[in-house]
Structures are given as C-alpha cells and as structure tokens.
Amino acid sequence: MTEPAIVLGPNQYGKAEVRVVKVTRETARHEIEDLNVTSQLRGDFDRAHLAGDNSHVIATDTQKNTVFAFARGGIGSPEAFLLRLAEHFTSEFDWVSGGRWEAESFAWDRIEVQGAAHDHSFVRSGRETRTAVVVADGAARHVIGGLKGLTVLKTTESGFEGFPRDQYTTLAETSDRVLATDVAARWLYARREGEGEGEGEGEGEGEGDGDGGPDYDASYERVRALLLEAFAQRHSPALQATLFEMGSRVLEECPEIAEIRFSMPNKHHFVVDLTPFGLDNPNEVFYAADRPYGLIEAAVTREGVVSPAAAWEGIAGFC
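Here the residue index of a chain counts from 1 through its sequence in written order. Confidence filtering applies because this is a predicted model: local features only for residues at pLDDT of at least 70, side-chain atom pairs given and counted only at 80 or more, and all residues used for totals across whole chains, interfaces and linings. In computing side-chain properties, one takes all heavy atoms of the structure into account and sets aside hydrogens as well as water.

## Digging into the packing of aromatic side chains
Worth spelling out the cut-off: Here the aromatic set is Phe, Tyr and Trp, taking the six-membered ring for Trp, and pairing holds for ring centres within 6.5 Å; pairs whose planes are under 30 degrees apart are stacked, those over 60 apart are edge-to-face, and all others are tilted. Exposure classes here rest on a 1.4 Å probe applied to the protein chains alone. A residue is buried below 20% of its type maximum, exposed above 50%, and partly exposed in between.
Taken as a whole, this structure holds seven aromatic pairs when the rule is applied. Note on Phe 93 and Trp 95: the rings are 5.7 Å apart at their centroids and 55 degrees apart in plane angle, and the pair reads as tilted. On the accessibility criterion, Trp 95 (24% relative accessible area) is partly exposed. When the ring of Phe 160 is compared with that of Phe 163, the centres are 4.6 Å apart and the planes differ by 10 degrees; the resulting orientation is stacked. Residue classification places Phe 160 among the partly exposed residues on the basis of a relative accessible area of 26%.

Encoded structure:
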C-alpha cells in the first residue's frame, strides 16, 4: 500500500503584537491612540516552506514597520486602520491573496486637575479592551468588532433552578444569587451591497471611516451600551438566557451587524456559612471563586444569514 504524499496545508505568517502608540500634537490638547496590532498574510508562500525560497516572503519586520508608518497619519477606529493595512498588503504584493489583521485598542482617560481634564496627561482606563479583526479573502473584506474583559455583576434578579440532578449533583437550586461574568464578544459587520475591493486606502487617512461604511467608533459604543443594558434589565434564569438576551438586543438595535458571538465565564460567588461564628448571612457575604468556572459560549445570528467561515478562521477559542 502506497503511503499518501506529504503536502503543505493552509498557512499564514506575519508579525504579532506590534505595540503602536500615536500621539496627535496638532494643538496644545494632545490625543492618544494605543493599539496592539497583529498582521498575518496568506497567499503564494509555498516555495518558502518547500524549497527555502524567500522571494515571496515579506519580512515580518517590514510588516511591523508598515504598522508604524500607517500610524503616522492617524489611526482612527481600529477597524478602519486594519482595513487600510489589508488593502495595502493585498494590492502592493501580487502573491498576497488575503490575510488576517487583528488589533486590541487600549483606552486612556485624561487626568483631572482641579476639576478640569488635563491637556496632555492621561491615566490608563479600567474599562474593557476593545478588539477588532479584518480578514481579507480574495476581494472580500470581513470586519469583526469586539471587546473582552467587560466585567459585570448583578447582586439579585438572578437564579438557577430546574436543572437535572444525579448522584454527582451537589449544587443547590437558588432563586436569588449573584451573577457575574467577564464578557468577551465579537460581532461581524454585514457585507454591504457591491462590497469587495478597497475599504479605504493610503498611509495617512486616519480621520474616521470615510468610505460610506459603518461608523465603527459609534457602533462600538452603541453595542457596549446595549450589552450592559440587557445584562442589567431582566431577571436571569441562567447565564445562557442572559447571553441570548444580550445578543438579541444588539441585533435588534444594530442593523449593520450580522451576528454576534460570546464567551462568558460564570464568576461564581458562593454564600459563606457564618453559623460557626454565631452569625446569619442573608445573602450578603460571599466567597468569590476564580476556578473552576462555568463557561458559556454561543453565537446569536439572524435567521437565514449564512456566517462566512473565512471571517472566523484563526480566532482562538469560540470567539
């Protein structure tokens, strides 16, 4: 029996986690943009793997430098910045057929001095981390916004009842518990009619998104607000139901978004037994356990809308 030949499978390469900080100094009131960018190229790189021929290998150092050069003119939304990188690499090099560009965006708040926001001094925000992904697949551009580390908690209007029990079940049912989670979510923007080629070009076009597409910054703030509202407003019979409510709220209010995916750990808070100390505990003192934890993951989609597999390829974990 002849053994099957060994061949090269899907591959990509690039520069990971390029930290770029852009300070805009056009006036005395400075602005700061802070990104962690990863660039990964896909295309005709077979000879590099199979023959050690680097004639098509765009150095990862070149990819890093391109990030810095494009930041010189301003970054704008992370989604728009990644689209510009994608357009550059796929148009500049004939053998680059696509790729994947990802960014984390770190927020900074102005330090207040005597009640006024300082012009050029900042403190790192304690908010969640904004994320973005752009996938170029031939002429298609898939844009994914997101966030991670959005820590939320509600002290009541949450329970967990009616679950099956067997010989290994020890968890007590409860109609009133603390519900807490770290929300990680990614949402896929809908492709626009006739969309395919460029989504914005140039090294310095940092102002806004300017191509007739979504205002990614405004959309991000809207999605964030909707997620928080949905988490807070209704009784939660389980984290699964709350997740679906959060996703549904986003799709109902944001027509530019095709689907949203979540990964949400259940950050358990257990009521501490204070009876050994002669004290009661009417759901007021808790032990916050960091592990093991329940992990709830799901996608919320629009009926009849097919999720493009290329958009999600390469994203570690569920989302």
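What follows continues from the structure just given.
## Description of the sheet that holds strand S7 (residues 140-154)
The following threshold applies: Pairing between two strands is assigned when DSSP locates at least 2 bridges connecting them. Numbering of helices and strands starts at the N terminus; helices are DSSP runs of H or I of at least 4 residues and strands are runs of E of at least 2. In this analysis an axis means a line fitted to C-alpha atoms, helices contributing only their contacting stretch, and an angle means the value between N-to-C directions, from 0 to 180 degrees. Here, residues are in contact when the closest pair of their heavy atoms is within 4.5 Å.
Spatial strand order, S1-S2-S3-S6-S7-S8-S9-S12: eight strands in an open sheet with antiparallel pairing. Where the open sheet ends on each side, the last strands, each with one partner, are strand S1 (13-24) and strand S12 (294-301). The average undirected angle you get between the axes of adjacent strands in this sheet is 15 degrees. As paired strands, strand S2 (residues 31-43) and strand S3 (residues 96-105) are joined by nine bridges and run antiparallel to one another. Note that in S3 the partner of Arg 42 across the bridge is Gly 98. Together, strand S6 (129-137), S7, strand S8 (179-189) and strand S9 (257-266) form the strand contacts of helix H4 (residues 216-233), whose direction differs from that of S7 by roughly 35 degrees.

## What to know about H4
Each α-helix turn comprises 3.6 residues. Residues three or four places apart therefore point the same way. Note the cut-off: Expected helix span is taken as 1.5 Å per residue step, with the number of steps being one fewer than the number of residues. Here the arc refers to the set of directions running from the helix axis out to each C-beta atom.
Given a rise of 1.5 Å per residue, 18 residues ought to cover 26 Å, and the 26 Å separating the end C-alpha atoms of H4 matches this to within 8%. For H4, the full list of buried residues reads Tyr 216, Ser 219, Tyr 220, Val 223, Arg 224, Leu 226, Leu 227, Ala 230 and Phe 231. Considered in projection along H4, the buried side chains sweep an arc of 165 degrees and stay on one side of the axis. Buried residues belonging to H4 abut helix H3 (78-92), S6, S7, S8, helix H5 (239-253) and S9.

## So, the packing of H4 against H5
For clarity, the threshold we go by: Angles are sorted into four bins: roughly parallel if under 35 degrees, roughly antiparallel if over 145, roughly perpendicular if 65 to 115, and oblique for all others. Put simply, a crossing is left-handed when the front helix is turned counterclockwise from the back one by less than a right angle, and right-handed when it is turned clockwise. Note on residue classes: Ala, Val, Leu, Ile, Met, Phe, Trp, Tyr, Cys and Pro are nonpolar, Asp, Glu, Lys and Arg are charged, and everything else, Gly too, is polar.
Put simply, H4 and H5 touch, their axes get as near as 9 Å, and they point 140 degrees apart. Here H4 is positioned oblique relative to H5, judged by the angle of their axes. For the crossing formed where H4 meets H5, the hand is right-handed. Residue-level inspection shows Arg 222, Val 223, Leu 226, Leu 227, Glu 229, Ala 230, Phe 231 and Gln 233 of H4 in contact with H5, the latter providing Thr 242, Glu 245, Met 246, Arg 249, Val 250 and Glu 253. By residue class, the composition of the contact of H4 with H5 is seven nonpolar, two polar and five charged.

## Quick notes on the side chain of Arg 42
Worth spelling out the cut-off: By the counting rule applied here, Lys and Arg register as positive and Asp and Glu as negative, while His and the ends of each chain are not counted. Salt bridge, as applied in this entry: a Lys or Arg side-chain nitrogen positioned within 4 Å of an Asp or Glu carboxyl oxygen. Counting of polar contacts relies on pairs of N or O atoms within 3.5 Å, with two restrictions inside protein: one atom must be capable of donating a hydrogen and the other of accepting it, and residues adjacent in sequence are counted only when both atoms are side-chain atoms.
Tracing the chain through its elements places Arg 42 in strand S2. Within the buried set, Arg 42 has no salt-bridge partner at all; the shortest N-O distance to an opposite charge, 4.2 Å, is to Glu 313. Within polar-contact distance, the side chain of Arg 42 engages the side chain of Gln 12 at 2.7 Å. Not counting residues within four places of it along the chain, the set of residues in contact with Arg 42 comprises Asn 11, Gln 12, Trp 95, Val 96, Ser 97, Gly 98, Gly 99, Arg 100, Val 135 and Glu 313.

## As for the pattern of salt bridges
Summed over the entire model, instances satisfying the criterion amount to 21 salt bridges. We note a salt bridge from Asp 217 to Arg 130, for which the minimum N-O separation is 2.8 Å. Here Asp 217 is found in helix H4, whereas its partner Arg 130 is found in strand S6, with 87 residues between them in sequence. Taking the relative accessible area as the measure of exposure, Asp 217 reaches 35% and is therefore partly exposed. Taking the relative accessible area as the measure of exposure, Arg 130 reaches 10% and is therefore buried. For Glu 245, the salt bridge identified is with Arg 234, shortest N-O distance 3.2 Å. Placement of the pair is Glu 245 in helix H5 and Arg 234 in the loop between H4 and H5, with a sequence separation of eleven residues. Among the residues examined, Glu 245 registers a relative accessible area of 18% and is labelled buried. By relative accessible area, which is 51% here, Arg 234 ends up exposed. Because the salt bridges share partners, they merge into one network encompassing Arg 127, Glu 128, Glu 221 and Arg 224.

On their own, these measurements won't tell you what the molecule is for.
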